[in-house]
Amino acid sequence: MIRDNTPVENATEPASAMFRAERSAHKRSRPQRLRRFMAGMLDPRAWGHLLKLVNYYNYAHVRPLRDMVVGPGCGISPTATFAYGERIVLGARVVIGEHTRLWAGPEHARITIGDDTIIGPNVIITAANYRFDDGAPIHDQMMAAADISIGADVWIGGGAIILAGRKIGRGAVVGAGAVVTQDVPAFAIVAGAPARTIGQRAGAPAPAG
Ligand SMILES: CC(C)(COP(=O)(O)OP(=O)(O)OC[C@H]1O[C@@H](n2cnc3c(N)ncnc32)[C@H](O)[C@@H]1OP(=O)(O)O)[C@@H](O)C(=O)NCCC(=O)NCCS
């Protein structure tokens, strides 16, 4: 349907009433919704997809979590996912938000997170990189990986990305959506892509000397 959004002079019907009328014209009736629900329940592809999800969360959450070192009192969202859990260490009371992914290196690189650190939703912490510089398809090249260490009492905002080899000092704050390409000093507040220091957390210890 092509809509003409030109304002109509002296329109008798307010726009919100027209919108409501159009929406109710498209709304499914109760029996229609029930029929759709039953069709979904009887569709073997829907159940096949459920099995795929169970399999996915088994290899991306349940199994790696068994291999990880997890300190006491951690709160880990059931939708957080992990790769190479045997190289991931969480301190005490670490919180990991929804859909966050921790990706340690396939061969050696570790991810270490200190006590009381909070990691928001949709964060990516990846200790692994594809190589791309020997002329072969990326898929066929070796992977490169480097340790990531995140100190105690750090807060990582939603959607941040922490790249391989980075160290985030104790007490630092990483803003929502930041891309951390450099080390972050203790108690610094960083934001942006690439992440830059935008402030200093209150209570930061005075610099030595
Ligand atoms: C980083 C953060 C903690 C900073 O808070 P703050 O100290 O109160 O900072 P301000 O709001 O005073 O902003 C200071 C400056 O940094 C900028 N800034 C703040 N957060 C930013 C972000 N995430 N990305 C880019 N720039 C940001 C502001 O625009 C402002 O710039 P200006 O001085 O040019 O206007 C906060 O903005 C943030 O990102 N919180 C994460 C929230 C979140 O993810 N919650 C859910 C997960 S638990």
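Just so it is clear, the structure is predicted and the values come from calculations on it, not from any experiment.

Q: Help me out: how do you make sense of the packing of aromatic side chains in this one?
A: The description of two aromatic rings rests on the distance between their centres and on the angle between their planes. The tally for this structure, following the rule as stated, stands at 2 aromatic pairs. Residues Y56 and Y57 carry aromatic rings whose centres are separated by 4.9 Å and whose planes lie at 70° to one another, so their mutual orientation is edge-to-face. Measuring from centroid to centroid gives 5.6 Å for Y56 and Y59, while their planes differ by 85°, and the two rings are edge-to-face. Taken as a pair, Y56 and Y59 lie in helix α3 (residues 44–67) at a separation of 3 residues, close to a single helical turn.

Q: Could you clarify how one ought to interpret the site of the ligand in this entry?
A: Surrounding the ligand, one finds G120, P121, W155, G157, G158, V173, G175, A176, A191, G192 and I198. The separation between an oxygen atom of the ligand and a polar main-chain atom of G158 is 2.7 Å. One of the backbone N or O atoms of A176 is found 2.9 Å from an oxygen atom in the ligand. Considered on its own, the ligand offers 900 Å² of accessible surface; in the complex 38% of this is hidden by protein. When its residues are assigned to classes, the shell around the ligand shows 6 nonpolar, 5 polar and no charged.

Thresholds applied
- Residues numbered from 1 in each chain as written.
- Predicted model: local features only at pLDDT ≥ 70, side-chain atom pairs only at ≥ 80, totals over all residues.
- Heavy atoms only, no water.
- Phe/Tyr/Trp six-rings, centres within 6.5 Å; stacked < 30°, edge-to-face > 60°.
- Helix = DSSP H or I, 4+ residues; strand = E, 2+ residues; numbered from the N terminus.
- Near = heavy atom within 4 Å.
- Polar contact = N/O pair within 3.5 Å; in protein donor to acceptor, adjacent residues only side chain to side chain.
- Areas by Shrake-Rupley, 256 points an atom, 1.4 Å probe, with all protein chains shown as cover.
- Nonpolar A, V, L, I, M, F, W, Y, C, P; charged D, E, K, R; others polar.

Everything listed here is a matter of coordinates, which is why it stays silent on function.
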